[in-house]
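# Per-entry structural report
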Amino acid sequence: GAAFSGSTDLPPGTTGAADELVASLPREREAERRELTAVLSTARFLRTLSSDRPTPVLLADLGAAAVAANAAGSQPLRVWPLAYLAVLEALAGRLSRAERLARDVAAGWADRPRAEGSPCPAVAVAQAWVHLNRFELEAARACADRAQAQKAGSPDARLTAPLAAV
């Protein structure tokens, strides 16, 4: 929307230069190459998310980030795009898929040493929308409250704005 619009473009050649630098890593550094490719893909996705680019571009970048993270074997990078995908699926009314993705992401965050669970409110946002669409109002409110509590210091805080209605 307009509140988040603005240029998220990098200076010309920046993205290509980063890709070329990663591609120039020697063969014996393949693991690092895959990890850096995943980081760049996630950065592209997050940049697209904060722009006003159309949904197909967002979904393409989201998919590329998830694929690159899987190729790198990076669980932390893998769960971020899946968390956003859970939100998009919930908003599109695909509740079972959103619920499954949210469960997978929550399990991925559980492997992290962080005691309070997901550092990203997107999972709780997706769960709140699922419960709301199923008229499970108490569960929706609990998830909305959890998302509000997790938004502090998160780049995903704007995702919690629609939950004020819950």
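Anyway, here's the lowdown on the structure attached to this text. On a predicted model such as this, the values are computed, not experimentally measured, just so you know.

### A word on unusual backbone geometry
Positive phi is not limited to glycine here, since Phe135 has a value of about 60 degrees. Residue placement: Phe135 occurs in the loop between helix H6 (122-133) and helix H7 (137-150). Under the relative-accessibility criterion, Phe135 is labelled exposed at 72%.

### Section: H6
Taking 1.5 Å per residue, 12 residues should reach 16 Å; H6 reaches 17 Å between its end C-alpha atoms and fits that length. Among the 12 residues in H6, nine count as buried, and that is most of the element. Burial in H6 covers these residues: Ala122, Val123, Ala124, Val125, Ala126, Gln127, Ala128, Val130 and His131. Looking one or two places after H6, you find Phe135, whose phi comes out positive at around 60 degrees.

### Quick word on the packing of aromatic side chains
Two descriptors summarise a pair of aromatic rings, namely the distance from one centre to the other and the angle between the planes of the rings. Per the stated rule, a full pass over the model turns up one aromatic pair. Between Phe45 and Tyr84, the ring centres sit 5.1 Å apart and the planes meet at 70 degrees, which makes this aromatic pair edge-to-face. Highlighted residues: Phe45 in helix H2 (residues 30-49) and Tyr84 in helix H4 (residues 75-91), separated in sequence by 39 residues. The pair Phe45 / Tyr84 is uniform in exposure class, with both members buried.

### Quick look at helix H3 (residues 55-72)
Because an α-helix completes one turn every 3.6 residues, residues spaced three or four positions apart along the sequence face the same direction. With 18 residues, H3 should reach 26 Å at 1.5 Å per residue; the first-to-last C-alpha distance of 26 Å fits that figure. Among the residues making up H3, those that are buried are Leu58, Asp61, Leu62, Ala65, Ala66, Ala68, Ala69 and Ala72. Projection of H3 onto a plane perpendicular to its axis shows the buried side chains occupying an angular sector of 165 degrees, all on one side. Counted as exposed and oriented over 90 degrees from the buried face of H3: Pro56 and Val67. Where H3 is buried, its residues meet H2 and H4. Gly73 occupies a position one or two residues after H3 and carries a positive phi of about 70 degrees.

### Quick look at the nonpolar core
Phe45, Ala83, Val105, Trp109 and Val123 are the most contacted members of the largest nonpolar core, which has 23 residues in total. Residue assignment for this core shows that the elements contributing at least two residues are H2, H3, H4, helix H5 (95-110) and H6. Once you skip the residues sitting within four places of it in the chain, Val105 turns out to touch Val79, Leu82, Ala83 and Val123. Counting five residues, the second largest nonpolar core, distinct from the first, contains Ala68, Ala69, Ala72 and Leu77.

### So, the packing of H3 against H4
In a pair of packed helices, the angle between the axes and the distance between the axes together describe the arrangement. Where H3 meets H4, the closest approach of the two axes is 8 Å, and the angle between their N-to-C directions is 145 degrees. Crossing handedness for the pair H3 and H4: left-handed. In contact with Leu58, Leu59, Leu62, Ala65, Ala66, Ala69 and Asn70 of H3, H4 contributes Leu77, Arg78, Pro81, Tyr84, Leu85 and Leu88. Its residues assigned to classes, the contact of H3 with H4 comprises 11 nonpolar, one polar and one charged.

### A short note on the pattern of salt bridges
Two side chains of opposite charge can pair, provided their charged atoms sit close to one another. Under the counting rule described, the total for this entry stands at seven salt bridges. For Glu89, the salt bridge is made with Arg97, and the minimal N-O distance between the two is 3.0 Å. Ionic contacts of the salt-bridge type, sharing partners, join the residues Glu30, Arg33 and Arg34 into one network.

Cut-offs applied
Residues numbered from 1 in each chain as written. Predicted model: local features only at pLDDT ≥ 70, side-chain atom pairs only at ≥ 80, totals over all residues. Heavy atoms only, no water. Helix = DSSP H or I, 4+ residues; strand = E, 2+ residues; numbered from the N terminus. Buried < 20%, exposed > 50% of the residue type's maximum accessible area, 1.4 Å probe, protein only. Expected span 1.5 Å × (residues − 1). Phe/Tyr/Trp six-rings, centres within 6.5 Å; stacked < 30°, edge-to-face > 60°. Arc of directions from axis to C-beta. Contact = heavy atoms within 4.5 Å. Core = buried A, V, L, I, M, F, W, Y, C linked by side-chain atoms within 4.5 Å. Axes fitted to C-alpha atoms, helices over the stretch in contact; angles between N-to-C directions. Left-handed = near helix turned anticlockwise from the far one by under 90°. Nonpolar A, V, L, I, M, F, W, Y, C, P; charged D, E, K, R; others polar. Salt bridge = Lys/Arg side-chain N within 4 Å of Asp/Glu carboxyl O.

Geometric values such as these leave the question of function open.
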